[in-house]
Amino acid sequence: MQKKIYSLFALLAIFSFVAIVPSAFADHGTATVTNAPGSSVPGCEETADGCFIPSMVTIDVGGEVTWENDDTAAHTVTSGTPTGGPDGNFDSSLVMAGSSFSHTFEDAGSFDYFCMVHPWMQGMVMVTDEEMAHGDEEMAHGDEEMAHSDEMEGMKHSDEHTTKGIEDLSDQFTATTTSGVIHHIGANSDDDTLLVHLFGADDDGELKIVLNSEIITPFDDGSYFVLVDSEEVDFEQMGRTLHIQYEAGAEKIEIVGSHVVPEFGTIAMIVLAVAIVSIIVLTTKTRATIIPKL
Ligand SMILES: [Cu+2]
């Protein structure tokens, strides 16, 4: 009898281990960035790929980024900005063509870097807190299923709106504020940013927004990054629901993802128009073949 219990316990332990392992070992630990060929001459900063490819990478705390210099010129990877100068977080010094440089990130946050030789070359490393990046998975495993189903409802709600093809982007999202009102939500596909303009936020407040995946796609690990009045802020994320704190007087909240589709409403309208036209064409054709038979 006792043996049975033990083996049952062992089975349970193995099972829960198997359930936990995939999320714990999901590989967000490393990222590789390469120097754009020819980046020693200005111009790469105006391309979609940028001078460091990709120009923004996201890793977990403790993760390592490797910069491979595939270009023919020597470059540096220096934390900081061209205008503010090196900030001392990391510096590769000169990396020769064909060589590489790696750095391990022990703290969460966003780290700007640039090339000292070619200051038009700029990039960013986002280091996310493991718990935040995997909030979604933990929710699913945890006993907070109530909150999860609430979120699902929120998503359904916003999906309903998209199928109707409403022009105003504010209607594509389920969003609430505790201070001020949402004046406008706009999408900028150039820097993959969703812009939430606040009006009359006289007190500190919180924006709760359920992101519509039709419009904004998160980074590979499911995370986003958020700026309030152009300053990066910490926020809570549960799946596609973000809780963003802002201070009194805040006007602009930017949510950055890996891809943003602007004016989804317009696209939906086009799809709708095409559907209607094809229905009309089909019915007239069918009628044309039916009428002679009558
Ligand atoms: Cu360079």
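Look above for the structure.
Sequence positions are assigned chain by chain, starting from 1 and proceeding in written order. In keeping with the predicted nature of the model, local features appear solely for residues at pLDDT of at least 70, side-chain atom pairs appear and are counted solely at 80 or more, and the whole-chain, interface and lining totals rest on all residues. Side-chain calculation: all heavy atoms of the structure are included, whereas hydrogens and water are not.

A. Focus on the sheet that holds strand β17 (residues 236–238). By this definition, two strands are paired if DSSP reports at least two bridges between them. For helices the rule is a DSSP run of H or I covering at least 4 residues; for strands it is a run of E covering at least 2, with both sets numbered from the N terminus onward. One open sheet holds the 4 strands; their spatial order is β10-β13-β18-β17, and the pairing between them is antiparallel. Looking at strand neighbours, the two that pair on one side only are β10 (174–177) and β17, the edges of this open sheet. Each neighbouring strand pair of the sheet contributes to a mean axis angle of 10°, computed without reference to strand direction. Of the strand pairs in this sheet, β10 and strand β13 (residues 205–210) are connected by 4 bridges, and their pairing is antiparallel. Residue pairing for β13: T177 is matched across the bridge by L207. All axes here are fitted lines through C-alpha atoms, helices being fitted over the stretch that makes contact, and every angle between N-to-C directions spans 0 to 180 degrees.

B. How the structure looks around the nonpolar core. By size, the foremost hydrophobic cluster in this structure holds 24 residues, and its most contacted members are F173, I209, L211, L242, I244, I253 and I255. Looking at this core, the elements with two or more residues in it are β12 (193–199), β13, β15 (225–228), β18 (241–246) and β19 (252–256). Residue contacts follow a heavy-atom distance rule, with two residues in contact if any of their heavy atoms lie within 4.5 Å. The residues touching L211, leaving out its near neighbours within four places in the chain, are F173, L194, I216, Y224, R240, L242 and I255. Core analysis: the next-biggest nonpolar cluster, separate from the first, contains 21 residues, A36, C115, V125 and V127 among them. Remark: nonpolar core denotes a set of buried residues (Ala, Val, Leu, Ile, Met, Phe, Trp, Tyr, Cys) joined through side-chain atoms within 4.5 Å. Exposure is judged per residue with a 1.4 Å probe applied to protein chains only, and the accessible area is read against the type maximum: over 50% gives exposed, under 20% gives buried, and values in between give partly exposed.

C. Structural view of the coordination of the copper ion. With water omitted from the atoms examined, metal sites may look incomplete; donors here are N, O and S atoms no farther than 2.8 Å from the metal, or 3.2 Å in the case of Na, K and Ca. Around the copper ion, the protein contributes the donor atoms H75 (ND1), C115 (SG), H118 (ND1) and M121 (SD), which lie 1.9 to 2.8 Å from the metal centre. Only two sets of limits are used to name each site, 85 to 135 degrees for every angle of a tetrahedral four-donor site, and over 155 degrees for opposite donors with all other angles from 65 to 115 for a square planar four-donor or octahedral six-donor site, with any other site named irregular. Coordination at the copper ion is irregular, judged from the 4 donor atoms that bind it and the angles of 85 to 137° they form at the metal. When the donor residues of the copper ion are listed from N- to C-terminus, their spacing reads H-x39-C-x2-H-x2-M.

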